[in-house]
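Descriptive structure summary
The lines below spell out each chain.
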Amino acid sequence: MMLTSLRLKKSGTPTGELQEHIGLDNLPDQLVRSKVDEGFNLNVLVVGESCIGKSTLVESLFGVDFDCPTLKTDSQAVSVSSRMRCLCEGAVRVKTTVAMSHNLGEQLDKTGSTAVVSKYVDARFQDFLEQERRGAADEAYGDDSRIHVCILMLNPTGTSAMRPLDVKLLQALHQRVNVIPVIAKADSLVAADRDRFKQSVRQQLKKLGISTYMPPVDSPSHASYAAAFPLAVVASRSTVQGPNGVAVRARQYPWGNVDVENPAFSDLSILRDVVLCDNTYNLMGTTHSVHYERFRAAHLRRQRQVDDEGESGDAVQTDGCFHDQSEVADLRRKLVKMVSDKEREIEAARTELVNKFDKLKNIHEIEERELRAQLQLVDDELRRY
C-alpha cells in the first residue's frame, strides 16, 4: 500500500492520496445507513387563530390526516395539544409530532395568549435539558421533543398591516424556534391585495427586528422561498380529478376549483419543499445549535444567579421559561396585592373580635350591676325580719 502524494497541512498533519482502495470512502454510506436505522424525529408547531385552517394545512402539507383534536370545552383559555404519527417513505421513518394551538384570539384580553405558546416551546426545551442531565438525550436527535419549526398562520386581513396578535406571536417566538410565517386562506385575497400584504409583512418584520427562518443559500428551495416570502397558502381536505385524470387537492367553488399545489394560486408546494424535502435536517440542526443553546445558556445563567444568591430571597426561580423584567415585576405586584388583601382581612377580623369583646363586656357589667342590686334588696329584706 502506497501513498501517491504526501503533503503537510497548515496544522502539520501529513495527508496523501491512497493508491489502493481501502474503504474509507464508504463512511458516508455507513452514516446514512446508521441514521436510517435510527429513524428521525420531526416536531412541528402550527399556531394561528381559531378557524384559520390549521388542521387542513397540516393534512395538505403531509398528505395524511393527523386527526388533531379539537378541544370543545366551556373554557376559552388558550392551550396547545399534540398528536404523533410515524411516517414512512421508502426506508426512511420519521416520528412526526404536530402540536397545535387552540382558542387563540378568542379572548377579550389577549395579553396572556402568547405566553401559553412560548411556554409550550420552552417546556419542550426543558424536557430535553432534563434528558441531558440524566444522560438519556440522544445526541443524534433520535428521541427529541423540541419544536423544530413553527408555522405561524397569519390572518389574511387584506389591509396594510398584520394583526396585533400575529405581531406579538412573532415577537415572542422568533428567538425561540424556527418560525415560518404563512398567509392563511390566500384564496380570499385577490392577487394585488396578496402581493401588497406580503410587502407589508416584510416591511413590518424588518422594522420590528423580527428574524424568521431562511433556508441556507445552497438549499434548492432558497431562491423560491426568498422570492415568495412570506408564503401565501391555500389548503384543502377534498380532492378533485385534475386535467390529466389524477386526483388533486383543491378548493371547490361554484365558478371552479383552486388547485392547492398550483404555484399560481398557492405557495403550499414551496412550504413542503422547505419543511419536508430540502431543509428538514437543517431545521433540526438550527434548533439544537441556536435556539436550544440560547435556552440552555439562559437557564444556566439563572441557575448560577440562584446559586450565588443562595437563600437570600432575592433570586427569582423559574421553570425553564424565559421571563423578562416586566413579568417579574408583574409577579411581585401580584404578590404584594395578595399580602395586602390578606392583611386587610386579618385587620377586619381583629376589629370584629374587639367589638364583640367590648359588647360582651358591657353586657356582663350590666348583668353584674343588676345582680348586685337584687342581692342588696335581699339583704335589706333579711335585716327587716
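Just so we're clear, the structure is a prediction, and the values are computed from it rather than from any experiment. (Residues numbered from 1 in each chain as written. Predicted model: local features only at pLDDT ≥ 70, side-chain atom pairs only at ≥ 80, totals over all residues. Heavy atoms only, no water.)

The residue Arg249 is located in strand β10 (residues 247-253) in this model. For Arg249, the side chain forms a polar contact with the main-chain oxygen of Ser236, separated by 3.0 Å. When residues no more than four places from it in sequence are discounted, the contact partners of Arg249 are Glu59, Ser60, Gly63, Ser236, Arg237, Ser238, Thr239, Val258, Asp259 and Val260. (Helix = DSSP H or I, 4+ residues; strand = E, 2+ residues; numbered from the N terminus. Polar contact = N/O pair within 3.5 Å; in protein donor to acceptor, adjacent residues only side chain to side chain. Contact = heavy atoms within 4.5 Å.)

In this sheet, β10 lies alongside strand β9 (residues 239-241) in antiparallel orientation, the contact comprising three bridges. Its bridge partner being in β10, Val240 is matched across the sheet by Val248. Count of turn residues in the β9/β10 antiparallel hairpin: five residues, of which Gly245 carries a positive phi of about 85°. Of the strand pairs in this sheet, β10 and strand β11 (residues 256-259) are connected by four bridges, and their pairing is antiparallel. Each residue of the ladder has a partner; that of Ala250, found in β11, is Asp259. (Pairing = 2+ DSSP bridges.)

If you trace the six strands from one edge of the open sheet to the other, you get β4-β5-β3-β6-β7-β8, paired in mixed fashion. With one partner strand each, in any of the chains shown, β4 (79-89) and β8 (231-232) form the two edges of the open sheet. The pairing of strand β6 (residues 149-154) with strand β7 (residues 179-183) spans five bridges and is classified as parallel. Note that in β7 the partner of Leu152 across the bridge is Pro181. The sheet strands contacting helix α2 (residues 54-62) are β3 (40-47), β4, β5 (92-102) and β6, and the helix crosses β5 at an angle near 165°. (Axes fitted to C-alpha atoms, helices over the stretch in contact; angles between N-to-C directions.)

This part is about the confidence of the model for the protein. Per-residue pLDDT for the protein averages 80, and the proportion of residues at 70 or more is 85%. Overall, residues 1-9 carries pLDDT values under 50, and its contacts beyond four positions in sequence, including any with other chains, amount to 21 contacts. Below pLDDT 50 for its whole length, residues 313-321 participates in 18 contacts with residues either more than four positions away or in separate chains. (pLDDT = per-residue confidence, 0-100.)

The next subject is the packing of aromatic side chains. Aromatic ring pairs are defined here through the distance separating the ring centres and the angle between the ring planes. Enumeration according to the criterion identifies four aromatic pairs in this entry. With a centroid separation of 5.4 Å and an interplanar angle of 35°, the aromatic rings of Phe125 and Phe295 are classed as tilted. On the criterion of sequence distance, the pair formed by Phe125 in helix α3 (residues 113-134) and Phe295 in helix α8 (residues 280-309) is long-range, its members being 170 residues apart. When sorted by exposure, Phe125 lands in the same class as Phe295, which is buried. Ring centres of Phe128 and Tyr292 lie 5.3 Å apart, and the angle between their planes is 90°; this geometry places the pair in the edge-to-face category. Here Phe128 is found in helix α3, whereas its partner Tyr292 is found in helix α8, with 164 residues between them in sequence. The rings of Phe125, Phe128, Tyr292 and Phe295 are connected pair by pair, giving a single aromatic cluster. In this structure, Arg146 packs its charged tip against the face of Phe128, placed 3.7 Å from the ring centre. The ring of Tyr292 has Arg146 lying over it, and the distance from NZ or CZ to the ring centre is 4.9 Å. (Phe/Tyr/Trp six-rings, centres within 6.5 Å; stacked < 30°, edge-to-face > 60°. Buried < 20%, exposed > 50% of the residue type's maximum accessible area, 1.4 Å probe, protein only. Lys NZ or Arg CZ within 6 Å of the ring centre and 35° of its normal.)

With respect to the element layout, His222 can be found in helix α6 (residues 222-228). Once residues within four sequence positions are removed from consideration, His222 is found in contact with Met214, Pro215, Pro216 and Val217.

Inspection of the entire model under this criterion finds 20 salt bridges. With a closest N to O distance of 3.0 Å, Glu293 and Arg296 form a salt bridge. Within this pair, Glu293 and its partner Arg296 are both found in helix α8, separated by three residues, close to a single helical turn. Here Arg350 makes a salt bridge to Glu347, at a shortest N to O gap of 3.0 Å. Note that Arg350 and Glu347 are positioned in helix α9 (residues 325-384) at a spacing of three residues, about one turn of the helix. (Salt bridge = Lys/Arg side-chain N within 4 Å of Asp/Glu carboxyl O.)

This brings us to the packing of α2 against helix α7 (residues 268-278). Geometry of a packed helix pair, given as the angle between the helix axes and the separation of the axes. Between α2 and α7, whose axes approach to 10 Å, the crossing angle comes to 70°. Relative to α7, the element α2 is oriented roughly perpendicular. Contact residues: α2 offers Leu57, Ser60, Leu61 and Phe62, while α7 offers Leu268, Leu271, Arg272 and Leu276. Of the residues in the contact of α2 with α7, the class split is six nonpolar, one polar and one charged. (Parallel < 35°, antiparallel > 145°, perpendicular 65-115°, else oblique. Nonpolar A, V, L, I, M, F, W, Y, C, P; charged D, E, K, R; others polar.)

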